[in-house]
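# Coordinate inspection notes
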Amino acid sequence: MKRARRAAPGTLPVLGLLLLGALPGLWTLLLRREAAAEREPEPRPPAGPPPGRWGWGRSPAARGEPGGDGQKTFWALLAVPAAGREERGGEGRFAAAGSLTSADAASPVERGIFWSRELEEQVPPGFAAEEAAAWLSAARAARVASLEQGGCGRSSNRLARLSDGSRACVRYGINPEQIQGEALSYHLAGVLGMQERLPPVALALVEARGRQWEPVREELRGSHWAEGAVVSLTRWVDNLTAVVAPAPWGAEAGAGRRLQPLSAGELGGLPPSQLVELVQWSDLILFDYLTANFDRLVSNLFSLQWDPRVMRRATSNLLRAPDGGLVFMDNEAGLVHGYRLLAMWDPYNEPLLRSVCVFREGTARRVAELHRRRSAAAELRRRYRAREPLWARLGFLSERQAELLQARVDFVHRHIAHCRAQ
């Protein structure tokens, strides 16, 4: 008779015996960790102001608080690579006065190269289209009640008081191409969607015996203006203040160093007021490149060769309105005069454009459309003829100048595409 086999032990009883044997070791490990935790200090929050000190859309000035020094290089602030969109430990988020906001705060840059919509909404409105049209209509119909020297640039210009109570700078160019450049630059800004940054400009014909100038016939004799000359009337704006290029750009430019782009995190560390200003600067540099205007920031850069502190002084023909909006003044050097001197000034204008890699999306879209249709000069001519009754007195761009305008539009478009690719 065969002896019966003993059944093999099951899997569960074996695991139970193993766990039972391991309990003393686990209990000892837990006791050691608890004792170590009692000896270690509690983690402290990082030093600095609490996140989200200022809410988005409210500048420090609106809350009566300082805006921070924001000592960043202007070139570096604008040349933001697409990689800056990646958020590592809070970098690249919008922060006020150098402190990081909460995770749900808005970034100042969208899709790597465009200012955010929330940020653009904070830009002061400037000269609204309806307001500008109303002033231009009134200025053309008004009489010139008086002419005064001073306050409007060169000695040949005059400050006019109009019969409707408003004031205007009357600019008498050294030659007609300066007045033509002023008018065409104003209307090109309209084509680009940034006309609100320029004060309204209308052309006027100097006629001592005409209705518009009859009250100032004697003043005209002392002005040495030629009868029949075309002058520009630019709306006078009160309480404008000087604008210095964002510090410490001047010091670095004066040292002769090539300015390198920094990370998007440093752009995101600026307070709202400085970001709002940079939005306008990006439009300004693009506009000055298209018009080849050398009589603004470019002239300051040129002067560095004998004045190393020039970038710390006021920027030529750029002023700030009381609401913080930048005003692009005196564009006489644009398009006509500037195109004649490209060889001299483009070594400064082109690097300035390359320093900007964040744009208003609407500006980039209009540039892309003008590039696609190759219609820059045609759009400008159409707008100029429709909105300036005296356009024929000065004429339009020559064929060569029209080609240069399109070529510069194409160059800006390629630059924006390069920024996007990076």
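Residues numbered from 1 in each chain as written. Predicted model: local features only at pLDDT ≥ 70, side-chain atom pairs only at ≥ 80, totals over all residues. Heavy atoms only, no water.

Per an unreviewed UniProt entry, the recorded name for the chain is FJX1 protein, and the organism is Podilymbus podiceps.

## Some details on the overall build of the chain
The helix and strand tally for the chain stands at 16 helices and 10 strands. Within the chain, the proportion of its 422 residues that are buried is 48%. Pairs at least 24 apart in sequence give 74% of the contacts found in the chain among residues at least 6 apart. Accessible surface, the chain as shown: approximately 22,000 Å² in total, 53% of it carbon and sulfur. (Helix = DSSP H or I, 4+ residues; strand = E, 2+ residues; numbered from the N terminus. Buried < 20%, exposed > 50% of the residue type's maximum accessible area, 1.4 Å probe, protein only. Contact = heavy atoms within 4.5 Å. Areas by Shrake-Rupley, 256 points an atom, 1.4 Å probe, with all protein chains shown as cover.)

## Here we look at the side chain of Ser166
Along the chain, the position of Ser166 falls in the loop between strand S4 (158–162) and strand S5 (167–171). Residue Ser166 is classed as buried on the basis of its relative accessible area, which comes to 18%. For Ser166, the contacting residues outside a window of four places in its chain are Trp135, Ala160 and Arg161.

## Focus on the side chain of Glu332
Of note, Glu332 is situated in the loop between strand S10 (326–328) and helix H11 (337–340). Under the relative-accessibility criterion, Glu332 is labelled buried at 10%. Side-chain polar atoms of Glu332 contact the side chain of Arg154, separated by 3.0 Å. Not counting the four nearest positions on each side in its chain, Glu332 is found in contact with Arg154, Arg171, Glu177, Gln178, Ile179, Gly181, Glu182 and His337. (Polar contact = N/O pair within 3.5 Å; in protein donor to acceptor, adjacent residues only side chain to side chain.)

## Some remarks on the sheet that holds S10
Paired through their backbone hydrogen bonds, the strands of a sheet run either parallel or antiparallel. Strand order in the open sheet made by the three strands is S8-S9-S10, with antiparallel pairing throughout. Here the strands that pair on one side only, and so sit at the sheet edges, are strand S8 (241–244) and S10. When the angles between neighbouring strand axes are averaged without regard to direction, this sheet yields 55 degrees. Note: strand S9 (residues 314–320) against S10, three bridges, orientation antiparallel. Note that in S10 the partner of Arg320 across the bridge is Leu326. (Pairing = 2+ DSSP bridges. Axes fitted to C-alpha atoms, helices over the stretch in contact; angles between N-to-C directions.)

## Remarks on the packing of helix H12 (residues 342–354) against helix H16 (residues 399–421)
Taken N-terminus to C-terminus, the directions of H12 and H16 make an angle of 25 degrees; their axes are 11 Å apart at the nearest point. Considering their axes alone, H12 and H16 lie roughly parallel with respect to each other. In this structure, the crossing between H12 and H16 has a hand that is right-handed. Residues Leu342, Asp346, Asn349, Glu350, Leu353 and Arg354 of H12 lie in contact with H16, whose contacting residues are Leu404, Arg408, Phe411, Val412 and His415. (Parallel < 35°, antiparallel > 145°, perpendicular 65-115°, else oblique. Left-handed = near helix turned anticlockwise from the far one by under 90°.)

## Quick look at unusual backbone geometry
Phi at His224 takes a positive value of approximately 65 degrees, unusual for a residue other than glycine. Structurally, His224 can be placed in the loop between helix H6 (217–223) and strand S7 (230–235). On the accessibility criterion, His224 (69% relative accessible area) is exposed. Of note, the phi angle at Ala292 is positive, near 55 degrees, even though the residue is not glycine. The residue Ala292 is located in the loop between helix H9 (272–291) and helix H10 (297–302) in this model.

## Observations regarding empty space enclosed by the protein
One pass over the full model with this rule turns up one cavity of 30 Å³ or more. Estimated volume of the largest cavity: approximately 40 Å³. If you trace the largest cavity, you find it lined by Leu284, Ile285, Asp288, Leu297, Val298, Asn349 and Leu352. Listing elements by their share of the lining of the largest cavity, those giving two or more residues are H9, H10 and H12. Here the lining of the largest cavity takes three residues from H9, the largest share from any one element. The class makeup of the residues in the lining of the largest cavity is five nonpolar, one polar and one charged. (1 Å grid on protein atoms, 1.4 Å probe; cavity = no way out; pocket = protein on both sides within 12 Å on 5 of 7 lines; lining within 4 Å. Points joined across faces, edges and corners; volume = space filled by probe spheres on them. Nonpolar A, V, L, I, M, F, W, Y, C, P; charged D, E, K, R; others polar.)

## Looking at helix H4 (residues 129–141)
Along its 13 residues, H4 runs 19 Å from first to last C-alpha, staying within 8% of the 18 Å computed at 1.5 Å per residue. Those residues of H4 that sit buried are Ala132, Trp135, Leu136 and Ala139. Buried residues in H4, looked at end-on, bunch into an arc of 100 degrees, giving them a common side. Considering only its buried residues, H4 is in contact with S4, S5, helix H5 (176–192), strand S6 (201–205) and S7. (Expected span 1.5 Å × (residues − 1). Arc of directions from axis to C-beta.)

## Structural notes on the packing of aromatic side chains
Taken as a whole and judged by the stated rule, the model has 11 aromatic pairs. Summarising the aromatic geometry, the rings of Tyr384 and Trp391 are spaced 6.4 Å apart at their centres and angled 65 degrees between planes, so their arrangement reads as edge-to-face. For Tyr384, a relative accessible area of 0% gives the class buried. These aromatic residues form a ring-pair network of at least three members: Phe294, Phe302, Trp306, Trp345 and Tyr348. Lying across the ring of Tyr289, Arg408 places its NZ or CZ 4.0 Å from the centre. (Phe/Tyr/Trp six-rings, centres within 6.5 Å; stacked < 30°, edge-to-face > 60°. Lys NZ or Arg CZ within 6 Å of the ring centre and 35° of its normal.)

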